Every structure is written in C-alpha cells, then in structure tokens.
Amino acid sequence: MAKRLVAAMAKSLDPYFDLILDDDVSENRWPRVLDYYKKAGHQSIMCQALNKQRFDDLKHLETKNGWTLARSINTGVTNPSSFTGCHAGDLESYQLFRPFFKDVIEKYHVGFDMEKHKHVTDMDVNKITEKLEEHAKKKIVSSRIRCARNLAAFPLNTCGTKESRLEIADLMEKVFATFPAELQGTFHRHTAMSDDEIKYWVDKHFLFRGGDVMQAASGYHADWPHGRGIFVSKNENFLMWLNEGDHLRIISMQMGGDIEATFDRLGKCAKAVEDGLRKITGEQEVYARDDVLGMITCCPTNLGTGMRGSVHILIPKLIKKIGLDGIDKIAREMQCQARGSSGEHSEVVDRVDISNWRRLGFPEYELVHDMVKCVNAISKMEDECE
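Being a predicted model, the structure only gives us computed values, none of them experimental. (Residues numbered from 1 in each chain as written. Predicted model: local features only at pLDDT ≥ 70, side-chain atom pairs only at ≥ 80, totals over all residues. Heavy atoms only, no water.)

**Thoughts on the overall build of the chain**
Part 1 of the reasoning: Along the backbone of the chain there are 15 helices and 10 strands.
Part 2 of the reasoning: Here the chain has a C-alpha radius of gyration of 21 Å; the compact-globule value for 386 residues is 21 Å, and the two agree.
Part 3 of the reasoning: Viewed in the frame of its principal axes, the chain has a C-alpha envelope of about 60 × 50 × 45 Å.
Part 4 of the reasoning: Expressed as a percentage of the 386 residues in the chain, the buried residues total 54%.
Part 5 of the reasoning: In the form shown here, the chain has an accessible surface area of approximately 17500 Å², with 49% of it arising from carbon and sulfur atoms. (Helix = DSSP H or I, 4+ residues; strand = E, 2+ residues; numbered from the N terminus. Rg over C-alpha atoms; globule rule 2.2 N^0.38 Å. Buried < 20%, exposed > 50% of the residue type's maximum accessible area, 1.4 Å probe, protein only. Areas by Shrake-Rupley, 256 points an atom, 1.4 Å probe, with all protein chains shown as cover.)

Here it is as structure tokens:
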C-alpha cells in the first residue's frame, strides 16, 4: 500500500479527489491487505461480507457499464477505517454481485430480508402521527430532510464520466425550468461560480465541496468540479445538489422545528423533479429503482428511501455531561444517530444533529417518526440534567 501511495504522489494525484486503485484491485486480484484487516479489531461491513472464495467466484463478472466487484470494494481496501467499505456502480451491480451485496445490505439494514421483503415509498405528510413535544421544539434551531435520487438513464457517479455528469447537469437545467412558481430558483454550476460565490454558499452550508477520501476511492469526485452544481429556490428552503455523490440530492429545510412542513415540501419537490424529468425525457421510469431495494444509490446504506431527516437541537448541558459519543449511543438505540452540527467529525459546542439511521424497508413517514421520538427523548434528558 505504501508503494501505491508513493506512486500516486509521483503522479501528483490527490487522494481526496482522484481515483487511486489499490495494486491488487487494479489487477483484479484478491486484495491481500484484507487478510490483515480480517485479523484487526475493526472490520468494515465489506470485509465481513467478503472472502477470497466469494471474490474469486465473482471477480470476472462485469456490468454493462464496466463495473466490477474489485471496483466496488476499492474504497474499503484503501480505507481500513471505513464503516461500509463498498459502493455500487449501477443498478446492475446489486444484481450481478448479489451474493456479496446481499450480505452487506442485510448486515447494515438489520432485519431486512432481501428474499422476503420489498421496499415501499410513502411520502404522505398526513401519515405523520408522532409530534415534537413543545420542550423539544423550543430547542430546535433548524430542520432539514433530504432524499437521494439517481437517474435510470445514466450509470451511478462512481462509474460515471465527465461527459455523463455534464449531460445530467444539462438535463436538470431543463427540468428546473418546469418547476411550479413556488419552487423556482437559480442553478449555480461549480465551474461558473467565482471564489466569492463559492465562499458565500459554503458559509451558508448550502454548497458541497468534495474532498472525501472514501468517496474519491470509488470515483465520486472524478473530473471535479465539472458537472457539479446546486439549485437554490428563491426563498432558500429548497435545495438540490447535482453530482455530489448520487446524481441528485433533494433537500427541504427551514429554521425551527416544523417537521411536517419540511417533510411536506420534500414530497412536493421530489414530485416536481420526477414530473419534470418525465416531461423532458418522455420516459415514465426516470429514477433507478428496484422493487426490493427501493431507490438505488451508490452507497448500500442509502438504499430504500435514500432519506435522511434531521434537526439541529440545542442541548449544551447534555453535551457537557455525556459528550457526543454518549448522545450518539442513546440515539442508536432509538434507530437514529447524532453528529456534529456541521456534519460527521465536526466540532460539537452547544448543539448536535439528530437524524434517522434506517433507510430501507420503511416508508419515509416512519423514518420521520424515528427522528421525532429520538429528539423528544434527547430533549427530555437535557431538561433533566443538573
């Protein structure tokens, strides 16, 4: 591995943006470093789901877009600290390498059985019955719910090209023009923004910046920043990220704790995108989806709804008492997770980000229920702190 990194440096490759393959992966061989990882304390889900025999059985298969099992696992091979350790290149990846991905999916999405279950999508806001309690709502700074979508006509961005990303951006620019008046806004391409504009949107936490080494190891950031951009609605409560990871990330957000309004807007935005795609392309099935796995995403952890609903909640006393790790442990027991308010690994001062953990096998409104229940419980613990 050291040899690989030295070679990468010699070629001026940036591991935070460029695709750098492990030596064995590049030769479609069993990655010998996995033998070491399997003896170590931490194993990614990929490492747990794969052995040499399974690799050898599947390594010669290739999807129509040229994706292989070796490419799927490169991120976990080159990043031993990875939690998941693998990505798909297209919908066919989940089918062709099913013995491997089935184990990965069922290990992460605990309780989901690919032989028995089917994913159901339901974004009906009227089905939300769990409500934020007043003590919790008063502590919430902001609410944000997003969902990932990929277009059926293109490979996933792990397997994409500069040309495919630009085609997606051009297509979506036409789709944006079909939005109803209340969702209209402006599309900002990364390549057309000045440094001051980039700083402005980054400071508002609207703009993604790339630079994730685990995503880069699967090709997410190839040809950066071409084909990337953000759509921002006029009132800035609806965003879309283009080609950050998945093709589309549809985001509904607002200040305060009105979860129902945030979720309702997300459903309307997702429908407007789908309707616009159908109008422009003339196709009915515009998203990559599967009856069992739901919405198809690059990362197996996002399959199903591709949805993450979150709030930033002020809980300074609880942070001081048990820290972020302690709060996250409580959240995990309630099917949620706690992160820094600026994302994973960010500094925690007086607030945390609480979001649903589950994605697959549950309709969207039930995942909102998960988050609401957890936030109510965390808020009560804050009030009980001495």
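Here the narrative resumes.
**Quick notes on the sheet that holds strand 3 (residues 229-233)**
Part 1 of the reasoning: An order of 2-3-4-5-1-8-10-9 is seen for the 8 strands of this open sheet, with the pairing classed as antiparallel. What marks the edges here is a single partner per strand, and that holds for strand 2 (185-189) and strand 9 (336-340). With direction set aside, neighbouring strand axes in the sheet form an average angle of 20°.
Part 2 of the reasoning: As defined by bridge partners, strand 1 (residues 140-149) adjoins strand 8 (residues 307-314) across 7 bridges and the pair is classed as antiparallel. Counted as the bridge partner of R144 is S310 from strand 8.
Part 3 of the reasoning: Packed onto the sheet, helix 15 (residues 364-384) meets strand 1, strand 8, strand 9 and strand 10 (351-356) and runs at close to 20° relative to strand 8. (Pairing = 2+ DSSP bridges. Axes fitted to C-alpha atoms, helices over the stretch in contact; angles between N-to-C directions. Contact = heavy atoms within 4.5 Å.)

**Examining the pairing of strand 8**
Part 1 of the reasoning: Most of strand 8 is tucked away: 7 of the 8 residues are buried.
Part 2 of the reasoning: With 5 bridges joining them, strand 8 and strand 10 adopt antiparallel strand pairing. Bridge assignment links V311 to a residue of strand 10, and that residue is I354.

**Description of empty space enclosed by the protein**
Part 1 of the reasoning: Taken as a whole and judged by the stated rule, the model has 1 cavity of 30 Å³ or more.
Part 2 of the reasoning: Reported here for the largest cavity is a volume of approximately 40 Å³.
Part 3 of the reasoning: Along the walls of the largest cavity sit Y37, H42, Q43, S44, M46, C47, G76 and P80, which together make up its complete lining.
Part 4 of the reasoning: Classifying every residue of the lining of the largest cavity gives 4 nonpolar, 4 polar and no charged. (1 Å grid on protein atoms, 1.4 Å probe; cavity = no way out; pocket = protein on both sides within 12 Å on 5 of 7 lines; lining within 4 Å. Points joined across faces, edges and corners; volume = space filled by probe spheres on them. Nonpolar A, V, L, I, M, F, W, Y, C, P; charged D, E, K, R; others polar.)

**Things to note about the side chain of S142**
Part 1 of the reasoning: With respect to the helices and strands, the residue S142 is situated in strand 1.
Part 2 of the reasoning: Apart from residues lying up to four places away in sequence, S142 is in contact with Q254, M255, G256, S310, V311 and H312.

**Quick notes on the packing of helix 10 (residues 162-176) against helix 13 (residues 259-281)**
Between two packed helices, the angle of one axis relative to the other and the distance separating the axes together describe the packing.
Part 1 of the reasoning: In contact at an axis separation of 9 Å, helix 10 and helix 13 are set at 110° when each is read in the N-to-C sense. With respect to helix 13, the axis of helix 10 lies roughly perpendicular. Side by side, helix 10 and helix 13 meet where L171, M172, K174 and V175 of the first sit next to V273, G276, L277, I280 and T281 of the second.
Part 2 of the reasoning: Residues belonging to the contact of helix 10 with helix 13 are distributed by class as follows: 6 nonpolar, 2 polar and 1 charged. (Parallel < 35°, antiparallel > 145°, perpendicular 65-115°, else oblique.)

**Details of the pattern of salt bridges**
Part 1 of the reasoning: The full count for this structure, using the stated rule, is 24 salt bridges.
Part 2 of the reasoning: Of the charged contacts in the structure, one is a salt bridge between E236 and K204, with a shortest N-O distance of 3.2 Å. Taken as a pair, E236 in the loop between strand 3 and strand 4 (238-242) and K204 in the loop between helix 11 (195-203) and helix 12 (213-216) lie far apart in primary sequence, 32 residues in all.
Part 3 of the reasoning: Looking at K204, the relative accessible area reads 29%, which means it is partly exposed.
Part 4 of the reasoning: Within this structure, E274, R278, E285 and R289 form a network of salt bridges that share partners. (Salt bridge = Lys/Arg side-chain N within 4 Å of Asp/Glu carboxyl O.)

**A closer look at the pairing of strand 1**
Part 1 of the reasoning: Most of strand 1 is tucked away: 9 of the 10 residues are buried.
Part 2 of the reasoning: Inspection of the sheet shows strand 1 paired to strand 5 (residues 248-255) by 8 bridges, in the antiparallel sense. Counterpart to R146 in the pairing with strand 5 is I251.

**Description of unusual backbone geometry**
Part 1 of the reasoning: Residue W224 is joined to P225 through a cis peptide bond whose omega torsion reads 0°.
Part 2 of the reasoning: Tracing the sequence through the fold places P225 in the loop between helix 12 and strand 3.
Part 3 of the reasoning: Of note in the backbone geometry, N28 takes a positive phi value of approximately 60° without being a glycine.
Part 4 of the reasoning: Looking at the element boundaries, N28 is found in the loop between helix 2 (23-26) and helix 3 (33-37).

**Some words on the nonpolar core**
Nonpolar side chains in soluble globular proteins tend to end up buried together.
Part 1 of the reasoning: By size, the foremost hydrophobic cluster in this structure holds 58 residues, and its most contacted members are M172, F179, M240 and I250.
Part 2 of the reasoning: If we ignore the near neighbours within four places in the chain, the residues touching M240 are M172, F176, F179, G229, I230, F231, L248, R249, I250 and V273.
Part 3 of the reasoning: Among the nonpolar cores identified, the runner-up in size contains 39 residues, and I45, V104, I105 and V292 belong to it. (Core = buried A, V, L, I, M, F, W, Y, C linked by side-chain atoms within 4.5 Å.)

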